[in-house]
Each structure stands twice: as C-alpha cells, then as structure tokens.
Amino acid sequence: MADAATETVTVPEAGGGRLDRVLAAQVPTLSRSRLKALILAGQVAVEGRTVFDPAMPVNSGMSVRITVPAPEPAKPAPEAIPLDIVYEDDALIVLNKPAGLVVHPAAGHSAGTLVNALIAHCGPSLSGIGGVRRPGIVHRLDKDTTGLMVVAKTDRAHRALSDQFADKREGPIERDYLALVWGAPDRPRGTIDAPLDRHPHAREKRAVRAGGRDAVTHWDVVERYAGSDGKPVAALLACRLDTGRTHQIRVHLAHIGHPVMGDETYATGFRTRAARLSPAAQDALAHLGRQALHAEHLGFEHPETREFLDFHAELPPDMARLREALAGAAAGP
C-alpha cells in the first residue's frame, strides 16, 4: 500500500483568513470539502500543532502541513489473526478482545483489525448489516480496552442484538467493566448521568456537554488502594452501563475526578500521582501502556433461542499485575 502524502504550504502575504479557504486557494488538487474533512480528522497542522477547526484563522507567513492518507481498500481482507473465542454457534460469537486490537477498519487502521480476523474465521457467514467495513459488529471496544464482545454471524442475529444494545435500561443486556482509577471515591457507589458529545476542540475526544447524547454509568467501589502517604491514591471500580457511548466510562470517570489509570487521553493531568505509588505499582503502571479498563461481564438474550447467555472474563495479565501491586497497600473496600 502507498504511503501517506504530505504537503507543506506557507500562507501568502495578505492571504490570511479561514484555514479551509486559505488551503483551498493554495492546494488546487484538493477540494475545500476534502480539506475540511482532513482538518476534522486531525491531518492538518499549523505551525507544527495539529488543529481540528476548519474555520481557524491563519495569518500570512504561517506554515501549514497537510497529510493525505493513502487510499485504503474498499473491502477488508481476511487475515489469520488469532481470536480468543469464549462461545460460538451458528448465530453469534462471543470473544475476549486483547489490548491493541482495533475493532474495525478506519483511517490509519485498514488492516490488522478484529473485522479482518472475523472475515478469515467466519467467511461468508458473517452478518453484512454493518456494511463492508463493519460486518457483524454490534458494539465495539476501544483499541486498548480489553474484554468481552459479541459479534453477529447472521443478519437476523445482528438485528436482534442491536435492538438489545439500543436501550439497555429496558432490555435484558448486561455490560460490566472493571476500571483501575486515580483517587478513591468517598462513597461506596454512585451514578453518573451526564450527556456526551464530541469535544469542542479535539475531534478524537468526547466530553460532557449540555445537549449531547444521554449517557448513564453506575459505579461501585470494589477496592481502595493507599499511597506512600497512607491516603487512598487509587481504586478498583465496577462500572455498569445503561448506555453505550464512545469513551463513555473513560469520560464519565474523568468527569467525577477519578480518571482511568494509564489513560493518555483523559488522565493526562494525573501523571504526577504515580510518585505516590509503590515501586512495584509504578513499574506495573509503566508496563501497562494503556487505559486500565476491562469489559469483565457480558450478558444478553440469545437472538434465536431467547436463552439468557452470561459470560465473564478475568482481568488480563497486565491489569491483574497492576491490581496486585496496588493491593500491596490496600486501604480497604
């Protein structure tokens, strides 16, 4: 596959204005709509800083770098990627997703995804409702979130499962996660009811915003962990979703001041707290290299038999190691 192409332009004298308009005048090979899409996708940098606002004002003399990703295949190819399959029948597959595995092809991830692996494993039996780039995908987990997912093998199963995931407050579906978070709530349990929408300045992020899509997360404290000063520095939370928005648990927990440990998107302001961890916990966190979030429990009604299926997945080794190191200084439940 061809590499991405980059082009750098300098805003001409007396040529300032909206970023997308300036670029459209300077790069005639790309339409303004295409340039706008590239900006929104984080493929444009002004003076070395990635920007996401097509209307951003730029001035003469500024340097703008544009990255145009290489064309991606219209249809994902099958790839022999190992899958940890927990359950499988003619209608569906339940699998335990590892960290680092992207669920479906997208910009920058045209291969090596769960979809590529599923196409190789299922062949033509995979549901086509999700389209050629998301066949069988009923719901998704972030690239670095581990745990249980269900995939539809037939269109009928896909429709029935999608209906269950659409409104978790009314249907039989159960989705529970374990999260190692910074700090420890002063209550044993709580509910976060806060709408989510795209972040106003970073398109790849989500944020709590009035007018966004409703989002509800319930949490319980499983364990609290003490720091070097004897005060709680981290906790293990069990989270149950009523809704399934992008980055929901990560954004909600950051919103209440307890972001997920290792989260490079929503917990950047908590890095200095690592100094309060034991050497073993600091080492385990450094080796984690991702957000400490795991989809531990998945329960749903089988789309064909109507039987309630219930699955659990133990913490992956990297999170288990961090939990064990933190528990060496446990501060109680």
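Engineer: Help me understand the sheet that holds strand E1 (residues 5-10) in this model?
Structural biologist: Sheets are built from strands that pair by backbone hydrogen bonding, the pairs being arranged parallel or antiparallel. Strand order in the open sheet formed by four strands is E1-E6-E3-E4, with antiparallel pairing between adjacent strands. Two strands close off the open sheet at either side, each with one partner strand: E1 and strand E4 (49-51). Across this sheet, the average inter-strand angle for adjacent strands is 30°, counted without regard to direction.

Engineer: Sorry, what's going on with the packing of helix H6 (residues 279-288) against helix H7 (residues 317-327) here?
Structural biologist: For any two helices packed against each other, one specifies the crossing angle of their axes together with the interaxial distance. Orientation of H6 relative to H7, taken along the N-to-C sense of each, is 160°, at an axis distance of 8 Å. The orientation of H6 with respect to H7, classified from their angle, is roughly antiparallel. You can see that H6 and H7 cross each other, and the crossing is left-handed. Mapping the contact onto sequence places Ala280, Ala281, Asp283, Ala284, Leu285, His287 and Leu288 in H6 and Asp318, Met319, Arg321, Leu322, Ala325 and Leu326 in H7. Here the residues of the contact of H6 with H7 sort into nine nonpolar, one polar and three charged.

Engineer: Would you mind going over unusual backbone geometry with me for this structure?
Structural biologist: What is expected of a backbone is that most residues other than glycine have negative phi and most peptide bonds are trans. Located in the positive-phi region is His247, a residue other than glycine, with phi close to 60°. Mapped onto the elements, His247 comes out in the loop between strand E15 (232-241) and helix H5 (248-255). The class of His247 is buried, set by a relative accessible area of 15%. Of note, Arg306 is a non-glycine position whose phi angle comes to about 70°, a positive value. In this fold, Arg306 is placed in the loop between strand E16 (293-301) and strand E17 (308-312). Of the residues examined, Arg306 reaches a relative accessible area of 49% and is grouped as partly exposed.

Engineer: Sorry if this is basic, but what is going on with the environment of Ala157 here?
Structural biologist: Tracing the sequence through the fold places Ala157 in helix H4 (residues 155-166). Relative accessible area serves as the criterion here: at 0%, Ala157 is assigned to the buried category. Once you skip the residues sitting within four places of it in the chain, Ala157 turns out to touch Ala91, Ala152 and Pro303.

Engineer: Can you walk me through helix H2 (residues 32-40) in this structure?
Structural biologist: Note: α-helices contain 3.6 residues per turn, so residues at a spacing of three or four share the same orientation. For H2, every residue scored as buried is listed here: Leu35, Leu38 and Ile39. Angular distribution of buried residues about the axis of H2 spans 100°; they occupy a single face of the element. Check the buried side of H2 and you find it contacts helix H1 (19-26), strand E3 (44-46), E4 and strand E6 (63-68). Taken from the residues just after H2, Gly42 is the one with a positive phi, measuring 75°.

Engineer: Is there a simple way to think about the packing of H1 against H2 in this case?
Structural biologist: Relative orientation of the contacting elements H1 and H2 amounts to 130°, with a least axis distance of 9 Å. By the angle between their axes, H1 is oblique relative to H2. Where H1 crosses over H2, the two elements pack in a sense that is right-handed. Listed contacts from H2 to Leu19, Asp20, Arg21, Leu23 and Ala24 of H1 are Arg32, Leu35 and Ile39.

What counts and what doesn't
Residues numbered from 1 in each chain as written. Predicted model: local features only at pLDDT ≥ 70, side-chain atom pairs only at ≥ 80, totals over all residues. Heavy atoms only, no water. Pairing = 2+ DSSP bridges. Helix = DSSP H or I, 4+ residues; strand = E, 2+ residues; numbered from the N terminus. Axes fitted to C-alpha atoms, helices over the stretch in contact; angles between N-to-C directions. Parallel < 35°, antiparallel > 145°, perpendicular 65-115°, else oblique. Left-handed = near helix turned anticlockwise from the far one by under 90°. Contact = heavy atoms within 4.5 Å. Nonpolar A, V, L, I, M, F, W, Y, C, P; charged D, E, K, R; others polar. Buried < 20%, exposed > 50% of the residue type's maximum accessible area, 1.4 Å probe, protein only. Arc of directions from axis to C-beta.

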